[in-house]
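Structural features, examined
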Amino acid sequence: MRVSQAILEQALNAARAMRESGDDPEHLAKALLSEHERLQEWQKVIAATKLFLRSGMATTEHARLVKTLHEVEASEERLDKQAHFGLE
């Protein structure tokens, strides 16, 4: 089930307030904010993929797609390492 942009913004604002106040005992705010950030990163890959396909698979757009994919994958790896060592 998808929520409206207004509801998402309300939830993200509430999550930010919870994190700032240190009142996140079940880590719900942390999880929501983290997953929202991850979704935004992967949406960049989707946008680059669509541009690549619309361009007739041009080499410049292919290079942008590959670069974007590598950046998001590197970000995922950093986050995984931070979580593994409890540095989040």
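Quick notes on the rules
Residues numbered from 1 in each chain as written. Predicted model: local features only at pLDDT ≥ 70, side-chain atom pairs only at ≥ 80, totals over all residues. Heavy atoms only, no water. Core = buried A, V, L, I, M, F, W, Y, C linked by side-chain atoms within 4.5 Å. Buried < 20%, exposed > 50% of the residue type's maximum accessible area, 1.4 Å probe, protein only. Helix = DSSP H or I, 4+ residues; strand = E, 2+ residues; numbered from the N terminus. Contact = heavy atoms within 4.5 Å. Patch = residues over 30% accessible without salt bridge, like charges linked within 9 Å, V, L, I, M, F, W, Y side chains within 5 Å. Areas by Shrake-Rupley, 256 points an atom, 1.4 Å probe, with all protein chains shown as cover. Salt bridge = Lys/Arg side-chain N within 4 Å of Asp/Glu carboxyl O. Expected span 1.5 Å × (residues − 1). pLDDT = per-residue confidence, 0-100.

Considering the nonpolar core
Membership of the largest hydrophobic core is limited to five residues, which are Val45, Ala48, Phe52, Leu65 and Val72. Listed by contribution, the elements that provide at least two residues to this core are helix 2 (28-54) and helix 3 (59-84). Those residues within four positions of valine 72 in sequence are excluded, and the remaining contacts are Glu41, Trp42 and Val45.

Let's talk about a nonpolar patch on the surface
On the surface, Met1, Val3 and Ile7 cluster together into a nonpolar patch covering about 390 Å² of accessible area. Summarising the element assignment, valine 3 is placed in the segment before helix 1 (5-21). Relative accessible area serves as the criterion here: at 43%, valine 3 is assigned to the partly exposed category.

Here's the deal with helix 1
With 17 residues, helix 1 extends 24 Å from end C-alpha to end C-alpha; this agrees with the ideal 24 Å at 1.5 Å per step. Looking one or two residues past helix 1, glycine 22 carries a phi angle of roughly 75 degrees, positive in sign.

Examining unusual backbone geometry
Even without glycine at this site, histidine 27 takes up a positive phi of about 65 degrees. Considering the arrangement of structural elements, one finds histidine 27 in the loop between helix 1 and helix 2. Positive phi values are uncommon outside glycine, yet methionine 57 reaches one of about 65 degrees. Along the polypeptide, methionine 57 turns up in the loop between helix 2 and helix 3. Judged by its relative accessible area of 54%, methionine 57 is exposed.

Focus: the confidence of the model for the chain
Looking at the chain as a whole, the pLDDT averages 92, with 94% of positions reaching at least 70. At the low end of the mean pLDDT range in the chain sits helix 3, at 90; at the high end sits helix 1, at 96.

Details of the pattern of salt bridges
Applying the stated criterion across every chain yields a total of five salt bridges. The shortest N-O distance in the salt bridge between glutamate 41 and lysine 44 comes to 3.3 Å. Of this pair, glutamate 41 and lysine 44 both sit in helix 2, three residues apart, roughly one helical turn. Judged by relative accessible area, glutamate 41 falls into the partly exposed class, the value being 22%. What emerges from the salt-bridge pattern is a single network uniting Glu35, Arg38 and Glu76.

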